[in-house]
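Examination of the molecular architecture
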Amino acid sequence: AADVYETLLVTQDGDNWKFWSRFMSNCFSADNNKKLCDVDPEILRTRRVIERVRESLATKGRQFRGPALASIELQKRLDPSDWPELQRLVLNYFKEFGSRPVCARDLQGLLKDGRIFGNKCREELLACMKKELHEILQ
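Throughout what follows, the structure given in this document is the object of discussion. (Residues numbered from 1 in each chain as written. Predicted model: local features only at pLDDT ≥ 70, side-chain atom pairs only at ≥ 80, totals over all residues. Heavy atoms only, no water.)

Further remarks concern the packing of helix α6 (residues 102–112) against helix α7 (residues 119–137). As a packed pair, α6 and α7 sit with axes 11 Å apart at the nearest point and diverge in direction by 150 degrees. By the angle between their directions, the pair α6 and α7 is classed as roughly antiparallel. With respect to the hand of their crossing, α6 and α7 are arranged in right-handed fashion. Between α6, through Leu107, Leu111 and Lys112, and α7, the contact on the second element is made entirely by Arg122, Leu125, Leu126 and Met129. Considered class by class, the residues forming the contact of α6 with α7 number 5 nonpolar, no polar and 2 charged. (Axes fitted to C-alpha atoms, helices over the stretch in contact; angles between N-to-C directions. Helix = DSSP H or I, 4+ residues; strand = E, 2+ residues; numbered from the N terminus. Parallel < 35°, antiparallel > 145°, perpendicular 65-115°, else oblique. Left-handed = near helix turned anticlockwise from the far one by under 90°. Contact = heavy atoms within 4.5 Å. Nonpolar A, V, L, I, M, F, W, Y, C, P; charged D, E, K, R; others polar.)

Structure (structure tokens):
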């Protein structure tokens, strides 16, 4: 099934979060308790698909959320404790899409997840977002 969603993402709609979600669920469904690493086939495949979709969407002349959200989701699955990398991805997403109303909804579930973002990490991330907003508004 992952092959079908990969094809849909690359050829039809690389910004469709349902396609991304189902693609990743199928890629990673074999063993949810398995500790993943950078060289696992699932990780390598997902990174290749993200890059292929980014390249195909780059020609459309606007920004698309799907690959950015997929990168965040991939990092959550790979190593949610790698706080600096996850923060970097979330901040990049916020910089690109923070002006869109949907951004808050996209990040809400992630920020509420106490397993990933403890209070200190969440406060640090929100402070960085506030700083980013302040710089934009000046």
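So, on to α6. Within α6, the full set of buried residues consists of Val102, Cys103, Asp106, Leu107, Leu110 and Leu111. All buried residues of α6 fall inside an arc of 160 degrees around its axis, so they share one side. Opposite its buried face, α6 presents the exposed residues Ala104, Arg105, Gly109 and Lys112, each directed more than 90 degrees away. Looking at the buried residues of α6, the elements they touch are α4 (65–78), α5 (83–97) and α7. (Buried < 20%, exposed > 50% of the residue type's maximum accessible area, 1.4 Å probe, protein only. Arc of directions from axis to C-beta.)

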